[in-house]
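Residue-level listing of the chains:
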Amino acid sequence: TLFVTGEPIEILHQPAAHTDGDVMVFFRKSDVVAAGDVFVLDSYPVIDVKRGGSLQGMIDALNRLVDIAVPEYNAMGGTRIVPGHGRICNEIDVVEYRDMITIIRDRIAQLVAEGKTLEQVKAAGVTLEYDGVYGTSSGPWTTDMFIAAAYAELSAAASRERSSRGPSAVPGRRAPSVAAAAATRTPASAAVRKGPADPFDGTWVL
């Protein structure tokens, strides 16, 4: 925090977004946030993986911007947000950009769960309705590069989740059926049980 020429200023570190060293500068008296490259209007979010950037970190940064911004009316006006590239914005612009990224993330995550390859994800048109605004096939950051970075991150996350669940969570491997599980019970277990028979014991047919 700083206090400069009558202006309280907060310098907010936002980890693992565009890079691992992003900061946003909040001019509290002026009610202005300089967002840097965690929020841009001329492309899909630029994720510098080599420098610690991540798709989820970008979404977290945008959510933080939404939390800071106070709109004047219907999510418009009020706090001004200066993006890394593009025009001066307000809260609704950040919300729309965040929602766009979240929708694309969820689409890619679904295709990853279905075992689709990167080329299949690209062919599925997960960014189609947004390409007219943010998409590009040339330059330092293309639509394909954004999809590839998101796919790599979500594939790695899905792989970690499968590993944590154990062998039964591996795609293509069926979990044991109820009947199979019942068949492995120790026969003596029924003999030692006292009282009325359990109505849930027996072979289940699905």
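Conventions and cut-offs
- Residues numbered from 1 in each chain as written.
- Predicted model: local features only at pLDDT ≥ 70, side-chain atom pairs only at ≥ 80, totals over all residues.
- Heavy atoms only, no water.
- Helix = DSSP H or I, 4+ residues; strand = E, 2+ residues; numbered from the N terminus.
- Buried < 20%, exposed > 50% of the residue type's maximum accessible area, 1.4 Å probe, protein only.
- Contact = heavy atoms within 4.5 Å.
- Areas by Shrake-Rupley, 256 points an atom, 1.4 Å probe, with all protein chains shown as cover.
- pLDDT = per-residue confidence, 0-100.
- Axes fitted to C-alpha atoms, helices over the stretch in contact; angles between N-to-C directions.
- Parallel < 35°, antiparallel > 145°, perpendicular 65-115°, else oblique.
- Left-handed = near helix turned anticlockwise from the far one by under 90°.
- Pairing = 2+ DSSP bridges.
- Salt bridge = Lys/Arg side-chain N within 4 Å of Asp/Glu carboxyl O.

Visitor: Give me the lowdown on the overall build of the protein, citing residues and values where you can.
Guide: When you go through the protein residue by residue, the secondary structure sums to seven helices and five strands. Overall, the protein shows an N-to-C arrangement of helices and strands of β-β-β-β-α-β-α-α-α-α-α-α. Burial statistics for the protein: of 206 residues in total, 34% are counted as buried. Look at the contacts in the protein between residues 6 or more apart in sequence, and 56% of them connect residues 24 or more apart. Summed over all atoms, the accessible surface of the protein reaches about 12,400 Å², with 57% contributed by carbon and sulfur.

Visitor: Help me get a handle on the confidence of the model for the protein, residues and values and all.
Guide: Confidence along the protein averages 88 in pLDDT terms, with 81% of residues attaining 70 or more. Here residues 186–193 is modelled with pLDDT under 50, and outside its nearest four sequence neighbours on either side it reaches one contact, counting other chains as well.

Visitor: Could you give an account of the packing of helix 1 (residues 55–68) against helix 2 (residues 91–113), with specific residues and numbers?
Guide: Direction vectors running N to C along helix 1 and helix 2 enclose 155 degrees, while the axes themselves pass 9 Å from each other. Judged by the inter-axis angle, helix 1 sits roughly antiparallel to helix 2. Crossing hand, helix 1 versus helix 2: left-handed. Within the contact between the two elements, helix 1 uses Leu55, Gln56, Ile59, Leu62, Asn63, Leu65 and Val66 and helix 2 uses Glu91, Val94, Val95, Tyr97, Arg98, Ile101, Thr102 and Arg105.

Visitor: Describe the sheet that holds strand 2 (residues 7–14), listing the residues and the values that go with them.
Guide: Across the sheet, five strands lie side by side as 1-2-3-4-5; this open sheet has mixed pairing. Either end of the sheet is taken by a strand with one partner, and the two such strands are strand 1 (2–4) and strand 5 (80–83). Each strand of the sheet is rotated relative to its neighbour by a mean of 25 degrees, with strand direction disregarded. Pairing analysis gives three bridges linking strand 1 to strand 2, with the strands arranged antiparallel. By the bridge assignment, Phe3 is partnered in strand 2 with Pro8. Of the strands in this sheet, strand 2, strand 3 (22–27), strand 4 (32–36) and strand 5 touch helix 1, which is tilted by about 155 degrees from strand 2.

Visitor: Describe the pattern of salt bridges, listing the residues and the values that go with them.
Guide: Applying the stated criterion across every chain, the model contains eight salt bridges. Glu129 is paired through a salt bridge with Arg107; the nearest N and O atoms lie 2.6 Å apart. Of the two residues, Glu129 is situated in the loop between helix 3 (118–123) and helix 4 (131–134) and Arg107 in helix 2; the sequence distance between them amounts to 22 residues. For Arg107, a relative accessible area of 31% gives the class partly exposed. For the salt bridge of Glu161 with Arg165, the shortest nitrogen-to-oxygen distance reads 2.5 Å. Taken together, the residues Glu161 and Arg165, both in helix 5 (residues 143–165) and four residues apart, mark about one turn of the helix. You can call Glu161 partly exposed: its relative accessible area is 41%.

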